[in-house]
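Fold and contact review
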Amino acid sequence: MNNIGSVTAYRLRACLNGGYDQVRGTAVDYKNHQRDVNVCIGERDAQMLIYRFSKRKLNDPEFCFHYKTEQDELVGLFWADETSRCNFREFGDVLAFDATYRTNRYNMVSVPFTGVDHHNKCVTFGGGLLKHETIDSYEWLLKAFLTAHPNQPQLVLTDQDPTMKEAITNVLTESTHRLCMWHVMKKLPKKVCGELLKNTDLRKRIHKLVWDVLLTKEKFESRWQYLISELNLEENTWLADKFKIRDRWVSGYISHLPICCLMKTTSRTESSNAFFRVFTDPDHTLVQFMLNFESAMDKQRHEHHVVTSDDVAEVYEIQDANMKTKVVSRHQVVLNRDGNIVCSCNHFGRHGWLCRHIFCVFNNKRIEEIPETYIKRRWRRDILPTHLLDKRHRYGMQNDETSKMCSQVISDVDVIVRYKSSNDN
Ligand SMILES: [Zn+2]
């Protein structure tokens, strides 16, 4: 175990110290080394991973993991580190997860839990691996998830899997469950005749219908039915089925839910993120899987760090002309004596930041600062503590007093610099 441990530790260290980009660059050495490591790892793969996690837990009490075995075989695993937990506390209002990816040689599915942060970027709240896709398995995983993140999300997005649906209903009792729009739309090309998609504007029109949050239910229904009859799609059972469950996925039906537009972004981010593609190698051992996962997390978190981002009644009628389509829409902004301001477009309710109509009014009233109440905590750039970005801290690689002090000093300096720069501006 010691030998294996050091080899693995070496790889882990090379991986983490070198950073994700450098790890990918050393292909030949990496492969040769990997082959040697594979020979060593063999049957003890799962055991090594649990050992590794237990060790990490000793160094980092915030690290949370649970596993489940059946006849000495690993059948379930959940883990979340301090950064994931902090991310969930701040951005856990919308949670997306699915289990599309068979990830390793044990044929386990990977279940990443993701959301969207204050830069509208994908963040990870934790990861799971499951051998069986049963209601019991998913319930076990979600309960493990709740031990790391005790507050349930407001919205949960998944694909249309009946097993998952049942588990979510049983465990995430306070959350609203909806389908990930991207997952639904992804199936369109398979379910509708190719000729039709190629020769008509069906695809464009359907997308327009389902993604428009401002479209009322009545309008959605009449336009959908018009489209179906115009293209003779009455016999298409998939479309009929999707129409039946429209309140579970179509944007216009969820616009009353708080921050429903995050749901849209979450769908997109989760689907398009190359992040998950890293884990799809069926030959990988669990240890390799975890190394890839951690590298990808590094990448995700590093990218976030370099992003910088910029929150009596008087009634105003605002005309908003779309430059491209020349369509003019009208919105009403109401500014109350107490400073409370609302716009009929409800952009703030849906996204969590103010719309341009309200800014027109601010301009007019010479209000130069956005009132505190309209700067939602989840969109602030400084809500995550700096020390979370320190890899050594995160993986518990160096836990001695000197390293801790160094981290603390760096973190303090960062706080001062941020404070100073925000006051200078
Ligand atoms: Zn507005």
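Below: a short report on this structure. (Residues numbered from 1 in each chain as written. Predicted model: local features only at pLDDT ≥ 70, side-chain atom pairs only at ≥ 80, totals over all residues. Heavy atoms only, no water.)

Some thoughts on the coordination of the zinc ion
The test is simple: A donor here means any N, O or S atom no more than 2.8 Å from the metal (3.2 Å for Na, K and Ca); water is not included, so a site may seem to lack partners. A four-donor site is classed as tetrahedral when every donor-metal-donor angle falls between 85 and 135 degrees; four donors are called square planar, and six octahedral, when trans pairs exceed 155 degrees and all remaining angles lie between 65 and 115, with any other arrangement labelled irregular. Numbering of helices and strands starts at the N terminus; helices are DSSP runs of H or I of at least 4 residues and strands are runs of E of at least 2. Note on exposure labels: buried denotes an accessible area under 20% of the residue type's maximum, exposed denotes more than 50%, and partly exposed covers the range between, all computed with a 1.4 Å probe on protein chains only.
The protein atoms that coordinate the zinc ion are Cys343 (SG), Cys345 (SG), Cys355 (SG) and His357 (ND1), at distances spanning 1.9 to 2.3 Å. One can describe the site at the zinc ion as tetrahedral: its four donor atoms subtend angles covering 105 to 114° at the metal. All donors to the zinc ion come from one chain, and their sequence spacing reads C-x1-C-x9-C-x1-H. Here Cys345, found in the loop between β12 (341-343) and α15 (347-351), pairs with His357, found in helix α16 (residues 356-364); they are twelve residues apart in sequence, far enough to count as distant. For the pair Cys345 and His357, one class covers both residues: buried.

Thoughts on the layout of surface pockets
Worth spelling out the cut-off: The way it works is a 1 Å grid over only the protein atoms, where trapped points that fit a 1.4 Å probe form a cavity and open points with protein on both sides within 12 Å along at least five of seven lines form a pocket, and then any residue with an atom within 4 Å of a point lines it. Grid points are joined across faces, edges and corners, and a volume is the space filled by probe spheres set on the points. Throughout this entry, Asp, Glu, Lys and Arg are counted as charged residues, while Ala, Val, Leu, Ile, Met, Phe, Trp, Tyr, Cys and Pro are counted as nonpolar. The remaining residues, Gly among them, count as polar.
By volume, the second largest pocket is sized at about 650 Å³. What lines the second largest pocket is a set of 18 residues, among which Leu214, Asp320, Asn322, Ser329 and Arg356 lie closest to the centre. Looking at the lining of the second largest pocket, the elements with two or more residues in it are β11 (328-335), α15 and α16. Broken down by class, the residue content of the lining of the second largest pocket amounts to six nonpolar, seven polar and five charged.

Considerations on a positive patch on the surface
Applied cut-off: Every patch collects residues that have over 30% relative accessible area and no salt bridge, joining them within 9 Å if they carry like charges and within 5 Å if they are nonpolar side chains (Val, Leu, Ile, Met, Phe, Trp, Tyr). Using the Shrake-Rupley algorithm and a 1.4 Å probe, accessible areas are obtained, with residue cover drawn only from the displayed protein chains. Salt bridge, as used here: a side-chain nitrogen of Lys or Arg that lies within 4 Å of a carboxyl oxygen of Asp or Glu. Positive charges are assigned to Lys and Arg, negative charges to Asp and Glu, while His and the chain termini are left out of the count. To locate a charge, take atom NZ for lysine, CZ for arginine, CG for aspartate or CD for glutamate.
A surface patch of like charges, here positive, comprises Lys204, Lys208, Lys219 and Arg223. Elements with a minimum of two residues in the positive patch: α10 (202-211) and α11 (217-230). Relative to the helices and strands, Lys208 resides in helix α10. On the accessibility criterion, Lys208 (64% relative accessible area) is exposed.

Examining the packing of α10 against α11
This is how it is decided: Interaxial angles span 0 to 180 degrees and are taken between N-to-C directions of axes, which are lines fitted to C-alpha atoms, for helices over the stretch in contact. In these notes the angle categories are as follows: under 35 degrees is roughly parallel, over 145 is roughly antiparallel, 65 to 115 is roughly perpendicular, and the rest is oblique. By convention the crossing between two helices is left-handed if the near helix lies anticlockwise of the far one by an angle smaller than a right angle, and right-handed if it lies clockwise. Whether two residues are in contact is decided by their heavy atoms: any pair within 4.5 Å suffices.
Packing of α10 against α11 leaves a shortest axis separation of 10 Å and a crossing angle of 165°. Here α11 runs roughly antiparallel to α10, going by the angle between their axes. For the pair α10 and α11, the crossing hand works out as left-handed. Where α10 abuts α11, its residues Leu202, Arg205, Ile206, Leu209 and Val210 lie against Phe220, Arg223, Trp224, Tyr226, Leu227 and Glu230. Here the contact of α10 with α11 is built from residues that sort into eight nonpolar, no polar and three charged.

Here's the deal with unusual backbone geometry
One non-glycine residue with positive phi stands out, namely Asp72, at about 65°. Within the element layout of this structure, Asp72 appears in the loop between β1 (64-70) and β2 (73-80). Here Asp72 falls in the exposed class, since its relative accessible area comes to 81%. One non-glycine residue, Arg366, adopts positive backbone phi at about 55°. Turning to its location among the elements, Arg366 is positioned in the loop between α16 and α17 (391-395). For Arg366, a relative accessible area of 72% corresponds to the exposed category.

Things to note about the sheet that holds strand β10 (residues 314-321)
Defined as follows: Here, strands pair whenever DSSP counts at least two bridges between them.
Taken in spatial order, the three strands make up an open sheet running β10-β11-β12, and their pairing is antiparallel. Of all strands in the sheet, those with a lone pairing partner are β10 and β12, marking the two edges. Within the sheet, the average angular offset between the axes of one strand and its neighbour, ignoring direction, is 20°. Across the sheet, α16 is in contact with β10, β11 and β12; its angle to β10 comes to roughly 125°.

A short note on the nonpolar core
Under the convention used in this document: In this description, a nonpolar core means a group of buried Ala, Val, Leu, Ile, Met, Phe, Trp, Tyr and Cys residues linked to one another through side-chain atoms lying within 4.5 Å. Start and end positions for the domains come from either an automated domain assignment or a database one.
Core analysis: the largest hydrophobic core is formed by 34 residues, its most contacted members being Leu202, Val210, Phe220, Leu239 and Trp249. At the level of secondary structure, the elements contributing two or more residues to this core comprise β3 (94-97), β8 (155-158), α7 (181-186), α9 (194-199), α10, α11 and α12 (237-244). Counting residues per element, this core draws most heavily on α10, at five residues. Both domains that meet at this core, namely domain 1 (2-180 + 256-306) and domain 2 (184-248), each give it at least three residues. Here Phe220 is in contact with Leu209, Val210, Leu215, Phe243, Arg246, Val250 and Tyr253, once residues within four sequence places are set aside.

Focus: the pairing of strand β9 (residues 176-179)
Sheet faces and side chains relate simply in a regular strand, where the side chains alternate between the two faces. For clarity, the threshold we go by: The crossover handedness rule: strands pointing away from the viewer, path from first strand over the helix to second strand clockwise, crossover right-handed.
Across four bridges, β8 lies against β9 in parallel orientation. Residue pairing across strands places Val156 opposite His177, the latter belonging to β9. Taken together, β8, helix α6 (residues 162-171) and β9 form a β-α-β motif whose crossover is right-handed.

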